[in-house]
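Chain and residue survey
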Amino acid sequence: MYQLNTLEASLKQFFGYDQFRPGQRTIIEAALQGQDVLAIMPTGAGKSLCFQLPALLKPGLTVVVSPLIALMQDQVDALRDNGIGATFLNSSLSLEEARSRQTEIFQGRIKLLYVAPERLLTVSFLNFLDQVRDRLSLTGFAIDEAHCVSEWGHDFRPEYRQLSQLRDRYPQIPMFAFTATATERVQQDIIHQLRLQQPSHHVASFNRPNLYYEVRPREGYGQLRQAILERPGQSGIIYCISRKRVDELALKLQTDGINALPYHAGLNAETRSEHQTRFIRDDVPIIVATIAFGMGINKPDVRFVFHYELPRNLEGYYQESGRAGRDNEPASCILFYSRGDANKVEYFIRQKPDEQEQRIAYQQLNQVVDYAEGSSCRRTIQLSYFGEEFPGSCANCDNCQNPSPIEDWTIEAQKFLSCVARCREQFGAKYIIDVLRGSKQKRILQKGHDQLSTYGIGKDRTADQWQLLARSLRHQGFVDETTDGYRVLRLNPLSWEILKQQRQVEIRVPRQATTQTTASATPRAEQAQLLFEQLRQLRKRLADEQSLAPYMIFADSSLRFMSQQQPKTLEAFAQVPGVGAAKLSRYGEPFVTVIRAFAQQYRRRVNRSHPSDTQQFTLDLYRQGCTVAEIAAQRDLRQTTIMSHLSEVLEMGHAIDVDALVPPERQEKITGAIAQVGDFSLTEIRNKLDESYTYGEIRLVRGVLRGQQRSEQQGKI
Ligand code: ADP
Ligand code: ZN
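Residues numbered from 1 in each chain as written. Chains lettered and ligands numbered in written order. Predicted model: local features only at pLDDT ≥ 70, side-chain atom pairs only at ≥ 80, totals over all residues. Heavy atoms only, no water.

1. Details of the environment of Cys50
- Along the chain, Cys50 turns up in helix α3 (residues 47-57).
- Along the chain, Cys50 and Phe176 lie 126 residues apart, while their C-alpha atoms are 9.2 Å from each other.
- Cys50 has contacts with Gln24, Ile27, Ile28, Met41 and Phe178, leaving out every residue within four places of it along the chain. (Helix = DSSP H or I, 4+ residues; strand = E, 2+ residues; numbered from the N terminus. Contact = heavy atoms within 4.5 Å.)

2. Brief notes about the nonpolar core
- Ranked by size, the top nonpolar core spans 109 residues in total, and within it Leu120 and Phe141 carry the most contacts.
- Looking at this core element by element, the count peaks at 7 residues for helix α16 (residues 355-373).
- Setting aside residues no more than four positions away along its own chain, Phe141 makes contact with Val63, Leu129, Leu166, Tyr170, Ile173, Pro174, Met175 and Phe176.
- Counting residues in hydrophobic clusters, the runner-up holds 30 residues, among them Val420, Ile433, Leu469 and Val505. (Core = buried A, V, L, I, M, F, W, Y, C linked by side-chain atoms within 4.5 Å. Buried < 20%, exposed > 50% of the residue type's maximum accessible area, 1.4 Å probe, protein only.)

3. Some remarks on the coordination of the zinc ion (ligand 2)
- Within the protein, the zinc ion (ligand 2) binds to Cys377 (SG), Cys394 (SG), Cys397 (SG) and Cys400 (SG); these donor distances fall in the range 2.3 to 2.4 Å.
- Each of the 4 donor atoms around the zinc ion (ligand 2) contributes to a set of angles spanning 98 to 119°, which defines the coordination as tetrahedral.
- Within one chain, the residues serving as donors to the zinc ion (ligand 2) are arranged as C-x16-C-x2-C-x2-C.
- Among the residues examined, Cys394 registers a relative accessible area of 17% and is labelled buried. (Donors = N, O, S within 2.8 Å, 3.2 Å for Na, K, Ca; no water. Tetrahedral: all angles 85-135°; square planar, octahedral: opposite > 155°, others 65-115°.)

4. Focus on the side chain of Asp327
- Note that Asp327 resides in the loop between α14 (314-321) and β13 (331-337).
- In this structure the side chain of Asp327 is engaged in a polar contact, spanning 2.9 Å, whose partner is the side chain of Arg303.
- If sequence neighbours within four positions are ignored, Asp327 has contacts with Arg21, Pro300, Asp301, Arg303 and Asp556. (Polar contact = N/O pair within 3.5 Å; in protein donor to acceptor, adjacent residues only side chain to side chain.)

5. Describing α14
- In terms of residue burial, α14 counts as a mostly covered element, since 8 of its 8 residues are buried.
- Along α14, the residues classified as buried are Leu314, Glu315, Gly316, Tyr317, Tyr318, Gln319, Glu320 and Ser321.
- Buried residues along α14 sit in contact with β8 (211-217), β9 (235-239), β12 (302-307), β13, α16 and α17 (378-385).
- N-cap assignment for α14: the residue whose side-chain oxygen lies 3.3 Å from the backbone N of Glu315 is Asn313.

6. Thoughts on the site of ligand 1
- Ligand 1 sits among 14 residues. The nearest are Tyr17, Gln19, Gly44, Ser48 and Arg326.
- Measuring from a nitrogen atom of ligand 1, one finds a side-chain N or O atom of Arg21 at 3.1 Å.
- With respect to ligand 1, the side chain of Lys47 contributes an N or O atom lying 2.8 Å from an oxygen atom.
- When ligand 1 sits alone it has 570 Å² of accessible area, and the protein chains cover 82% of it.
- Here the residues of the shell around ligand 1 sort into 5 nonpolar, 6 polar and 3 charged. (Near = heavy atom within 4 Å. Areas by Shrake-Rupley, 256 points an atom, 1.4 Å probe, with all protein chains shown as cover. Nonpolar A, V, L, I, M, F, W, Y, C, P; charged D, E, K, R; others polar.)

7. Quick word on unusual backbone geometry
- With phi around 50°, Glu425 is a residue other than glycine that occupies positive phi space.
- With respect to the helices and strands, the residue Glu425 is situated in the loop between α19 (410-422) and α20 (429-436).
- Residue class for Glu425 comes out partly exposed when judged on its relative accessible area of 25%.
- Of note in this structure, Gln566 is not a glycine but carries a positive phi near 50°.
- By the element assignment, Gln566 lies in the loop between α26 (556-565) and α27 (570-574).
- In this structure Gln566 comes out as buried when scored by relative accessible area, which is 12%.

Okay, structure coming up:
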């Protein structure tokens with residue numbers, strides 16, 4: 001079957017994957033040759049495998065240094081579920097338990113040992129390691145989250161500094177350092193602090209092609225709720241800045257029947273860890289959190305990360321949004337943006353006593369605002385922050401999918417700049433805009449600015465449009481702004497060129513707000529989705545039985561593959577990505593059983609052209625007396641979807657009492673309209689009625705009529 005001597009064969013055998021991800025093979029080969037390694041890879045790139053596979057292929061023990069106890073437990077559980085000998089030692093264990101794990105190690109049953117840095121450097125542990133080296137052998141030290149060693153990084157840990165002692169004590173044993181965040185400065189610092197010797201140095205691209213980036217103007221809670229409801233059953237994180245906001249939002253969602261939990265540093269440790277566990281185990285799909293939530297969250301199937309408030313800086317945004325889609329499956333990162341946030345942050349920056357600090361803060365703020373308000377590819381903006389050039393046209397961000405049109409706004413620019421000049425370059429954009437729009441504010445009248453020739457000449461544009469212009473002029477360098485905190489606008493030579501009609505001004509204007517329309521599902525896709533849900537439930541049950549997180553059993557991508565290919569034998573099941581030898585023997589049976597049952601059931605359904613499972617489910621609940629809103633809430637679907645189900649089953653000829661949904665007199669009106677224009681076009685039917693009639697109501701009544709016709713025809717046959 002496999003050529004057992006290749007690295008790919010081991011990859012399949014131990015982890016069930018067919019191919020290496022970019023960079024993995026090179027790093028693994030370097031590690032196998034005993035070289036030091038420094039690997040910088042973004043979240044989700046697959047760093048762990050780079051030290052795990054060499055550990056499995058070499059005789060002896062690999063020691064993994066990892067900063068967080070929760071993370072260790074996670075990785076060890078996942079490895080064990082792949083049938084790999086792994087364990088950890090940390091302060092949470094009793095002396096006895098630690099002893100028994102050491103015995104296991106000496107028996108050669110363990111390939112990977114996870115430890116916290118503070119433990120690693122105790123005298124007793126070092127003595128233990130000496131014995132391991134002498135009796136078995138030490139294959140290497142893997143340092144996870146290696147940026148913690150550097151004060152220049154964002155997460156410095158003094159214990160990490162001490163790791164250089166390992167070099168003194170074990171000069172011959174290779175060290176493998178891994179991290180997801182590293183500026184050039186931090187990279188050099190890691191090499192220096194850990195005393196890596198001519199390390200094989202890999203820097204992967206920070207582009208995460210599977211993540212969709214979008215910025216939406218924030219309109220309020222309803223919009224957020226809608227975005228969540230459009231993603232039924234998906235795991236997601238919603239980030240806010242303040243604890244108060246987190247608590248409020250989580251409560252609101254709960255009251256609305258959306259299963260969400262809060263997480264922030266103000267909750268006690270027990271609650272935090274409970275909420276985190278429930279999220280990881282798929283008991284609760286949504287976490288509302290401050291940035292305290294993140295590091296140590298290994299959950300690979302987070303399908304969306306929403307920022308409900310402006311992130312502090314662009315690097316923070318990249319890291320936080322990057323918690324989505326670690327499994328490389330599609331995931332969405334949406335920033336709900338309001339300019340008010342930026343003003344608030346600015347206010348706080350102004351309170352900072354230190355000038356240098358202020359300048360850095362301003363720069364960081366400008367970078368996130370540029371991202372949020374920018375009209376070029378979101379990836380290009382982000383990656384340029386990491387010094388990476390990205391050509392744009394990524395096809396997976398809002399700006400690339402729906403580029404905003406460029407318009408000539410030279411005349412508006414002239415009005416604006418001339419108003420700046422007439423106000424003697426002493427005011428900020430907001431004041432200039434008020435003058436242009438003819439505001440009657442006291443301040444303007446007192447200064448006599450209502451007498452200026454530019455007063456009121458900008459009423460044809462909204463304040464927002466003028467702000468857009470002002471920002472664009474600033475970004476394009478067509479006007480200057482003081483940085484003393486007051487942001488007074490000043491004309492520069494380019495401004496004068498515009499005023500003298502020597503220069504055109506083009507700006508990108510926001511496109512019409514569009515909603516991503518999801519193509520209506522084909523029967524095949526719908527079938528796969530149903531099976532996917534069943535497999536998810538099975539996965540959850542098996543996980544609960546073993547107190548594991550569901551993703552440790554199979555990744556979403558594996559379930560998706562199963563639901564599309566429907567492997568009905570163990571041989572076929574072995575071909576599923578993520579199914580290695582251990583998983584095949586452990587989970588092959590139950591999964592194949594569910595898939596077979598599903599396939600049989602579905603075949604019968606299709607033949608009879610009866611309601612699909614999902615329609616039937618809705619129908620059953622409706623007949624039990626549930627309202628549409630209740631069904632929608634219970635099934636995590638939109639009410640419009642439930643209404644469609646009902647119209648569809650009506651058309652199939654199933655009798656439902658719709659009087660509760662459409663009062664009889666309204667049914668009559670709709671029937672009358674259909675008699676006039678036919679039942680083909682919903683729009684035409686609605687045009688015959690007044691605006692109070694919804695498409696949902698029309699579809700229902702049309703469903704009743706079509707259902708009746710159908711029964712009559714069948715009666716004739
Ligand atoms: P990182 O530590 O770099 O954030 P992980 O090591 O947690 O990433 O890996 C992210 C996910 O990708 C995990 O679910 C892992 O099993 C999976 N993965 C790693 N390597 C591969 C591969 N070669 N093919 C498919 N999936 C992989
Ligand atoms: Zn793009």
